[in-house]
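# A closer look at the structure
Each chain, written out:
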Amino acid sequence: MADKNWKAWEREIASWLGTRRNPLSGASNVNDKGQGRAGDIIFEPALIEAKLLKRIASIGRAEKTMREAKKLNKPFLHIEREKGNGKIVCLCLTKEYAIELVKNSREQNVGKI
């Protein structure tokens with residue numbers, strides 16, 4: 001049976017990190033210490049949630065940034081945050097660059113992000 005799209009997306013992200021998706025959620029899934037394992041991807045250094053959504057407003061704005069960068073023959077990086085929330089940012093970049101960034105991070109930090 002073929003994976004649902006969101007499961008395939010979780011598997012793909014897990015492959016970037018050299019790990020696997022979390023097959024269960026909530027109290028059904030526990031780590032080796034018997035503690036609940038949160039997140040969509042099994043990765044001890046960080047909690048990772050992978051979302052596959054129909055439409056994300058940030059993506060549309062990032063595509064505009066990408067088109068402008070292409071005209072200038074430059075790579076792009078699109079960063080957004082909510083007004084009043086300086087702690088969390090949304091970072092948009094090409095999928096290829098995201099994979100490269102994660103792989104380089106893994107190699108340099110050996111298990112840390």
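Residues numbered from 1 in each chain as written. Predicted model: local features only at pLDDT ≥ 70, side-chain atom pairs only at ≥ 80, totals over all residues. Heavy atoms only, no water.

## Overview of the pattern of salt bridges
Summed over all chains, the structure comprises 6 salt bridges. Put simply, E80 and R61 hold a salt bridge, and the shortest N to O gap is 2.7 Å. Placement of the pair is E80 in strand β3 (residues 78-80) and R61 in helix α2 (residues 57-71), with a sequence separation of 19 residues. According to the relative accessible area criterion, R61 is partly exposed, its value standing at 42%. Beyond isolated ion pairs, a larger network of salt bridges with shared partners links D40, E49 and K51. (Salt bridge = Lys/Arg side-chain N within 4 Å of Asp/Glu carboxyl O. Helix = DSSP H or I, 4+ residues; strand = E, 2+ residues; numbered from the N terminus. Buried < 20%, exposed > 50% of the residue type's maximum accessible area, 1.4 Å probe, protein only.)

## Quick word on the side chain of E80
You can call E80 buried: its relative accessible area is 18%. Side-chain polar atoms of E80 contact the side chain of S58, separated by 2.9 Å. (Polar contact = N/O pair within 3.5 Å; in protein donor to acceptor, adjacent residues only side chain to side chain.)

## Looking at unusual backbone geometry
Non-glycine residue N73 carries a positive phi angle of around 55°. Looking at the element boundaries, N73 is found in the loop between α2 and β3.

## A word on the packing of aromatic side chains
Within this structure, the stated rule accounts for 1 aromatic pair. Residues W9 and W16 carry aromatic rings whose centres are separated by 5.8 Å and whose planes lie at 90° to one another, so their mutual orientation is edge-to-face. (Phe/Tyr/Trp six-rings, centres within 6.5 Å; stacked < 30°, edge-to-face > 60°.)

## Focus on helix α1 (residues 5-17)
Given a rise of 1.5 Å per residue, 13 residues ought to cover 18 Å, and the 19 Å separating the end C-alpha atoms of α1 matches this to within 8%. The positive-phi residue at the C-terminal boundary of α1 is G18, with phi of around 70°. (Expected span 1.5 Å × (residues − 1).)

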